[in-house]
Structure formats: structure tokens, C-alpha cells
Amino acid sequence: MELPDHADAVLSVVESIPPGRVMSYGAIADVVRAQGGVASARSVGTVMARYGGMVCWYRVVNSVGRTPPGHELRARALLAAEGVPFRGDRVDMRAAAWYPED
């Protein structure tokens, strides 16, 4: 499947998230922009909604650690299996957030 350039950039960042860690939509957008692309948290969400099934979609959460809407239970189970810590119904972002090194 041929992906738009911006979608390919987003999915490449998502694929780099190691097991047991997560990134927010905004952090992914920051990385795509740092690589010379164009992205916002909203556009990352759109890419994930359309193409996220191709990658570890459950490792992408919002800035406060909420899992993808409509997929909360499945995402929580997958993340918990990788050892991601939770605080209530949210990912513990202090412990689990990841950002690639330069």
C-alpha cells in the first residue's frame, strides 16, 4: 500500500517506540517536524485512525496517558502485557513516556 509521505513519517516514529513505552500524539508530531516533516497532534491522530493497524497503535496515547478512544480495553491489555505502568485508567506518563534520542 502506498502511503502519503506524512503518514509514512508518523508510522515510522510509532514503529520505533520500544515495548513497554508510549508516546503522545504531540510528541510524535514533534519528532516528525524535527525530521523536516509537517505534523500536528491532530494530524497524527488522523494517520493513526486510518493506518494505525499497521503498527503498534496501542503505544500511542494522548498527553495525559489516555489510550485510543474506543480501544481502551484492548490497548490497556496490550500495554499491561508489556509492563507499562498505569495510574487509574491512564498510562503513568512519567514512567512510560518515551522520546527518541537525537
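Below is a summary of the structure that appears in this document. (Residues numbered from 1 in each chain as written. Predicted model: local features only at pLDDT ≥ 70, side-chain atom pairs only at ≥ 80, totals over all residues. Heavy atoms only, no water.)

Things to note about the environment of Val91
Residue placement: Val91 occurs in strand β4 (residues 90–91). Classification of Val91 by relative accessible area gives buried; the value is 3%. Along the primary structure Val91 and Leu79 are separated by 12 residues, whereas in three dimensions their C-alpha atoms are 8.8 Å apart. Ignoring anything within four residues of it in the chain, the contact list for Val91 reads Val22, Val61, Val64, Gly65, Leu79, Val84, Pro85, Phe86 and Ala96. (Helix = DSSP H or I, 4+ residues; strand = E, 2+ residues; numbered from the N terminus. Buried < 20%, exposed > 50% of the residue type's maximum accessible area, 1.4 Å probe, protein only. Contact = heavy atoms within 4.5 Å.)

Brief notes about the side chain of Thr67
With respect to the helices and strands, Thr67 occurs in the loop between β2 (60–61) and α4 (72–81). The contact partners of Thr67, leaving out residues within four places of it in the chain, are Val61, Glu72, Ala75 and Leu79.

Re the environment of Gly37
Inspection of the secondary structure puts Gly37 in the loop between α2 (25–34) and α3 (41–51). Gly37 gets classed as partly exposed once you look at its relative accessible area, which sits at 29%. Residues Gly37 and Ala9 lie 28 residues apart in sequence; the distance between their C-alpha atoms is 7.5 Å.

Here we look at the pattern of salt bridges
In this structure the tally under the stated criterion is 3 salt bridges. A salt bridge links Glu82 to Arg59; the nearest nitrogen and oxygen atoms lie 2.6 Å apart. Highlighted residues: Glu82 in the loop between α4 and β3 (86–87) and Arg59 in the loop between α3 and β2, separated in sequence by 23 residues. Residue Glu82 is classed as partly exposed on the basis of its relative accessible area, which comes to 23%. The salt bridge involving Asp89 is made with Arg66; its shortest N-O contact spans 3.3 Å. Residue Asp89 is found in the loop between β3 and β4, and its partner Arg66 is found in the loop between β2 and α4; the two are separated by 23 residues along the sequence. Among the residues examined, Arg66 registers a relative accessible area of 35% and is labelled partly exposed. (Salt bridge = Lys/Arg side-chain N within 4 Å of Asp/Glu carboxyl O.)

Focus on the packing of α2 against α3
One can describe the packing of α2 onto α3 by two numbers: an axis separation of 8 Å at closest approach and a directional angle of 100°. Classified by the angle their axes make, α2 and α3 are roughly perpendicular. Here α2 contributes Tyr25, Gly26, Ile28 and Ala29 to the contact with α3, which in turn contributes Ala41, Val44, Gly45 and Met48. Along the lines of polarity and charge, the residues of the contact of α2 with α3 split into 6 nonpolar, 2 polar and no charged. (Axes fitted to C-alpha atoms, helices over the stretch in contact; angles between N-to-C directions. Parallel < 35°, antiparallel > 145°, perpendicular 65-115°, else oblique. Nonpolar A, V, L, I, M, F, W, Y, C, P; charged D, E, K, R; others polar.)

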